[in-house]
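What follows is the residue order along each chain.
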Protein chains: 2
Amino acid sequence: MRDVCIVGTGQVPVGEHWERSIRHLAHDAISAAMADAQIESADALYVGNMSSGPLSQQENLAALIADFCGLQGLEAIKAEAACASGGAALRMGFMAIASGIHDVVLVAGVEKMMDAMGSDVTAVLGMAADAEYEAIQGVSFTALNALLMQRYMYEYDVPDDGLACFSVNAHERGVHNPFAMFQHEISPVEYAAARMISSPLTMLDSSPVCDGAAALVLTSVNMAPSLGGRHRSDPVRILGSSISTDTLAVHDRKDPMYLAAVAMSTRKALEQAGMERECLDFCELHDAFSILSALSLEAMGYAARGTGWRLAETGRISLDGDVPISTQGGLKSRGHPIGATGIYQAVEAVNQLQGLGGRNQVPNASVGLIQNIGGSGASVISHILAS
Amino acid sequence: MRDVCIVGTGQVPVGEHWERSIRHLAHDAISAAMADAQIESADALYVGNMSSGPLSQQENLAALIADFCGLQGLEAIKAEAACASGGAALRMGFMAIASGIHDVVLVAGVEKMMDAMGSDVTAVLGMAADAEYEAIQGVSFTALNALLMQRYMYEYDVPDDGLACFSVNAHERGVHNPFAMFQHEISPVEYAAARMISSPLTMLDSSPVCDGAAALVLTSVNMAPSLGGRHRSDPVRILGSSISTDTLAVHDRKDPMYLAAVAMSTRKALEQAGMERECLDFCELHDAFSILSALSLEAMGYAARGTGWRLAETGRISLDGDVPISTQGGLKSRGHPIGATGIYQAVEAVNQLQGLGGRNQVPNASVGLIQNIGGSGASVISHILAS
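Everything numeric in this text was worked out from a predicted model, so none of it was measured. (Residues numbered from 1 in each chain as written. Chains lettered and ligands numbered in written order. Predicted model: local features only at pLDDT ≥ 70, side-chain atom pairs only at ≥ 80, totals over all residues. Heavy atoms only, no water.)

Colleague: Hey, could you go over the interface of chain B and chain A for me, with residue numbers and the actual values?
Modeller: Many analyses report the size of an interface as the accessible area lost when the parts associate. In this assembly, 59 residues from chain B lie in contact with 60 residues from chain A. Carbon and sulfur atoms supply 55% of the area buried between chain B and chain A, which totals about 4,500 Å² over both sides. Considering only the surface of chain B that becomes buried against chain A, Asn60, Glu80 and Met127 of chain B emerge as the three largest contributors, covering 15% of it. At the junction of chain B with chain A, the criterion picks out 6 salt bridges. The salt bridge involving Asp130 of chain B is made with Arg23 of chain A; its shortest N-O contact spans 2.7 Å. Taken together, chain B and chain A are joined by 36 residue pairs in polar contact (both at pLDDT 80 or more). (Contact = heavy atoms within 4.5 Å. Buried area = accessible area lost by both parts, 1.4 Å probe. Salt bridge = Lys/Arg side-chain N within 4 Å of Asp/Glu carboxyl O. Polar contact = N/O pair within 3.5 Å; in protein donor to acceptor, adjacent residues only side chain to side chain.)

Structure representation (structure tokens):
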């Protein structure tokens, strides 16, 4: 197996792109990544996306994007794993390079959620849950996470504002990320006053509906120097790549408070990288809802059961803490354009590892983990990146 | 790169499965493949599917199927490339084994088109075309192929019944395939009298809307003997695997009568296998519409431009011809459950190569090509299998 590295990144600002369709967003991110890598063609394109069918009436999405980018002919496949679709596309790119099948691969994530042509975005997001045993009962995806949050707060005696610092921290970082949807801070007072969506989960526990696209260029470590671009001499390497799954329906889990797939995926990625958790300088977690951050930190072993929320409260998740998360705003503040999120995480991690984190730079970052979750913990995809 | 082989196959009868949901269909095919390979677990599951979102309100599909099959924990990703989604999943499985990342991989294809929960199947199939430049004009996917057929018949002076033998041949084979949707013959007279869908394309030029699922177990050639099952001593190998793409919109092509991606994908797969076209004992083409068979045979080089239809008329596509196609009924008679089709093709090719083709056996078959097309020639995925 060949060693895999990232030699180009591109992203578009996350937000409401009413004037751009899904192909334009993907094109803009891919062009930026290709310019960054100084390449004009590639062997394959893997696209992470969940809902182009119901929301843009478009499937055969990867071929369409290849076509629109002027890359006709190349291999193209769309990867779907709900909110972890971006991570799944990265996994495919990793396999294609590691195997030696391809030398230069584009990996993109894109989601177009505005201008949904009459579809109900809430119903479409619910497709990440079990259609026949969860969604059919009328539970939305947000409501499922609210149930987890409710149970967590009850079980572990968490105060009403116990999860506030996850959102406050994310927004602090978003201020300094020009690609973030929300570039403003929020206060604990604003958190406490936020509009309720599904009790006890409020607007400020939740990542936004938005549009976005991000892209990467992958190659082998041996081939990187032969490409142009700023990464050629010292590309960020992918040391670990893993996917684990759990039951789709939350009620099917022996213990809904334990994200077993997070634990397994993290362990597998660390093993592959030959590392312990302590080697990680930061973790880009999947903070689609604040409760997911707490549960992820616990399943990863950073906190004992029921105490993950205290890591936020005590500042351990901030840039100078021992486990910085959401370093460019995370899903909460940068935004969560479903299938693009896993690729935004990778772009941000590359920047951190190259010292380009700006005001959000994690000091001396040399190894980072990015974790992308599909469904309420059903598909968990982890990658370990190192400079 | 490791050599890849198939050590288990499973399929469910193609048809109208009103009483089975998408998870049940996938489960039945996967269980059959696992029993055939005598395995109880696997490292990963790649699922080909186009439309579970709009038609079954279900995404995160691969994780759901892993869960429902009792395979929680394993890697799972859905691959989408419209009607070529099954071929795309096979491509992913090929990469996973070739790279050495995984040792035993499940590849499945599934599509549930009946009981579409209020969605319009015709509109969903149209998502394989360009939403903003084709479908939005009101052209259905069938109508796009009718336009190709109209142009072909005009350009090359093809008589009204010129393409009849593609459908007649497919139905002849379907009679002897217990998994085929249509197990009855059709006559040229019936073809001529068939109900018009979109002139000049009739019901008998067109593959049916249907449900189905098929599955494979892949491993490396070196590891195959260590598994149980009937394939262990002499597994079918995958010698070539390739994907090529073309413009999604038919009107964007310089020459709509030439399937450039078919030509390129075929050539790449043959090169990888180190073979000439003459080595192929049969070709499972993507005969979603009879016009696609004619155009595919021409792009592959079996016939000069405008003469592909004569290969059907002169019997060269039948079992004892020089290029047998649709040997178990093809998409026309076995049926075309979109994302499952590419895997049905593989299951049927394995049977041919192991001499298990029954009354449809191609004499002395040792090498076969399977080709899965997404959109009107936009995504073309070819695999070369050999005993």
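Structure's up, so let's keep going.
Colleague: How would you explain the pattern of salt bridges if you had to name every residue and give the values?
Modeller: Taken as a whole and judged by the stated rule, the model has 30 salt bridges over all chains. A salt bridge links Arg2 of chain B to Asp103 of chain B; its shortest N-O distance comes to 3.2 Å. Of this pair, Arg2 of chain B sits in the segment before strand S1 (4–11) while Asp103 of chain B is found in the loop between helix H4 (85–98) and strand S4 (104–111), placing the two residues 101 residues apart along the sequence. Assessed through its relative accessible area of 26%, Arg2 of chain B is described here as partly exposed. In this structure, the salt-bridge partner of Asp255 of chain B is Arg305 of chain B, at a minimum N-O distance of 2.5 Å. Residue Asp255 of chain B is found in the loop between strand S8 (236–245) and helix H9 (260–273), and its partner Arg305 of chain B is found in the loop between helix H10 (290–299) and helix H11 (308–313); the two are separated by 50 residues along the sequence. For Asp255 of chain B, a relative accessible area of 29% puts it in the partly exposed group. For Arg305 of chain B, a relative accessible area of 36% translates into the label partly exposed. Overlapping salt bridges, with partners in common, bring together Arg23 of chain A together with Asp130 and Glu132 of chain B in one network. (Helix = DSSP H or I, 4+ residues; strand = E, 2+ residues; numbered from the N terminus. Buried < 20%, exposed > 50% of the residue type's maximum accessible area, 1.4 Å probe, protein only.)

Colleague: Describe in detail the environment of Ile186 of chain B, supporting the description with residues and values.
Modeller: All names here are of chain B. Relative to the helices and strands, Ile186 resides in the loop between helix H7 (164–174) and helix H8 (188–193). A relative accessible area of 7% means that Ile186 is categorised as buried. A C-alpha to C-alpha distance of 36 Å links Ile186 and Tyr46, two positions 140 residues apart in sequence. Discounting residues that sit within four places of it in the chain, Ile186 has contacts with Ser167, Val168, His171 and Leu204.

Colleague: Outline helix H6 (residues 141–155) of chain B, listing residues and values.
Modeller: Residues and elements named next belong to chain B. Compared with the 21 Å implied by 1.5 Å per residue over 15 residues, the 21 Å span of H6 between its first and last C-alpha is a close match. Those residues of H6 not exposed but buried are Phe141, Thr142, Ala143, Leu144, Asn145, Ala146, Leu148, Met149, Tyr152 and Met153. In the core, the buried residues of H6 are packed alongside helix H5 (121–125), H8, strand S5 (196–198), strand S6 (201–202), H10 and H11. One or two positions beyond H6, positive phi appears at Asp157, with a value near 60°. (Expected span 1.5 Å × (residues − 1).)

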